[in-house]
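Results of the structural survey
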Amino acid sequence: MRRSICIATLILAPAFAQADTIVQNTQTPGFPGTFNFIGYNSSNVAFGQPVASQFLEFGGRFHPSSSNADLNFGNNTTVTATQVVGGNTVQVNVPYNNSIPDPNLFDVRIGYNSSLLGSWHLAVSNPNYTNTLQVNTAAIDATIGVPPFITGIAISGTSNATTTPTLSWNAPAYNPPGGYTQNTKIFVIDLDNNRQTIFRADLASNQTSYTIPGSANLLATGHYGVVIRDDFRVSSNATTGASSQSFFDFHPNAISQFNGPVQVPVSSVNSVGQTVYSFNIDVSHGQSVNLDPAAALGYIFSVGAGNPNFATVKLPDLGMSHPYGLYLWNGTSFEFAQNLLANTLFNFGSGGVSQFEILGIDPSLGLDPNNSTAFVTQVTFTGDGLFTGTMTAITAVPELSTWAMLILGFAGLGFVSYRRKAKVASMAA
């Protein structure tokens, strides 16, 4: 009996050890084995990024050399990045990124440090493979500059095709430095599922719209993020450069609330903790624009400096048994104007208004103040021009003693707005 067990063990033992080796990427077209670049983020609360930031991102794409799939390769592989700066060794662990469209990705993001723009040495090991792969990233050119951010994103589609929405945006003028090219990438993130990347598309630099295909498997009621990334990369490959990432989030069924595209804002947090939605779009006199913030109890609308005023507003039907409350700014505070029913056009009168407040959203609806596409509002403007205004989510009722603090907080953002019955919106992680 002992002899037969020993023989069986000898026969089975080789199956536990992989005979092939770890190699750099050959399975994701257009993506290099290693990368190292400077990144810039727009702000978006839903992604857990409350402020614009600059960072360094580096890593690589690695996989077994054989064609046999190893489903545990990523989780069992360790990637360590080191760089020697001024005689000191900086060491960073590069974790596995379980991205559906890019399963071989190992990457890490750290705060920007001008002394860490050099090459990183990557050591890639896995106890089930025969080698430790040793590779170096390219160094970053500190003078590369900042690729411009995408602005003015909108989502459109039909009520029976909400899971394949079309995204459109403004394409800025690109001027990459010598030796670099510009390209655009779209990433779709499932914000209901650990912010996992579920889809990626590589676009031409002059492309300004894209329809997310059915293969992305979007749910009409899901909450998704979109990253539109402008890359400056070296002409020969994508190993180094700079990226600017614009973040947006949406629910696919938001496009069925009103006819026409829905303008999607960037969200941030102001000095008193409220979620603020910021826009950058061209508007025309009388043109309906569907603005898409979310709020728990209400929200404040404000135009930006030099923008045309709001002319009309129409609010969505949430199935509430009571009307909304419309409040207008009287110079020192918001004052109740009238009740306003859903799907009812309200005209602000001659000259329009620069800001107004809506209250009365039923708390039982549970609208997420950090979801920028849960509540579509249609507005028109008194003239043509650029709309750079904001919407501020309201989630609680402040004490009277906090009014002065709120006024100062809004003034610090470049406009004086205040709400009568709102306080602080918590930032979502």
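Figured I'd write up the structure that's included with this text. (Residues numbered from 1 in each chain as written. Predicted model: local features only at pLDDT ≥ 70, side-chain atom pairs only at ≥ 80, totals over all residues. Heavy atoms only, no water.)

Points about the environment of T221
Inspection of the secondary structure puts T221 in the loop between β13 (209–211) and β14 (224–234). A sequence separation of 32 residues divides T221 from N253, and the C-alpha atoms of the two residues are 6.2 Å apart. Apart from residues no more than four positions distant in its own chain, T221 is found in contact with H251 and N253. (Helix = DSSP H or I, 4+ residues; strand = E, 2+ residues; numbered from the N terminus. Contact = heavy atoms within 4.5 Å.)

Some thoughts on the sheet that holds strand β5 (residues 88–94)
In spatial order, the strands read β5-β4-β7-β8; together these four strands make up an open sheet with antiparallel pairing. Both outer strands of the open sheet, β5 and β8 (133–136), are each paired with one neighbouring strand and no more. Neighbour-to-neighbour, the strand axes of this sheet turn through a mean angle of 20°, independent of strand direction. Strand direction decides the pairing type here: strand β4 (residues 78–85) and strand β7 (residues 121–125), joined by five bridges, are antiparallel. Residue pairing in the sheet places V79 in a bridge with V124 of β7. (Pairing = 2+ DSSP bridges. Axes fitted to C-alpha atoms, helices over the stretch in contact; angles between N-to-C directions.)

Some thoughts on the pairing of β8
The two faces of β8 differ: L133 and V135 on one face are buried, but Q134 and N136 on the other face are not. Sheet topology places β7 next to β8; four bridges connect them, and they run antiparallel. When the sheet's bridge partners are listed, H121 is paired in β8 with N136. (Buried < 20%, exposed > 50% of the residue type's maximum accessible area, 1.4 Å probe, protein only.)

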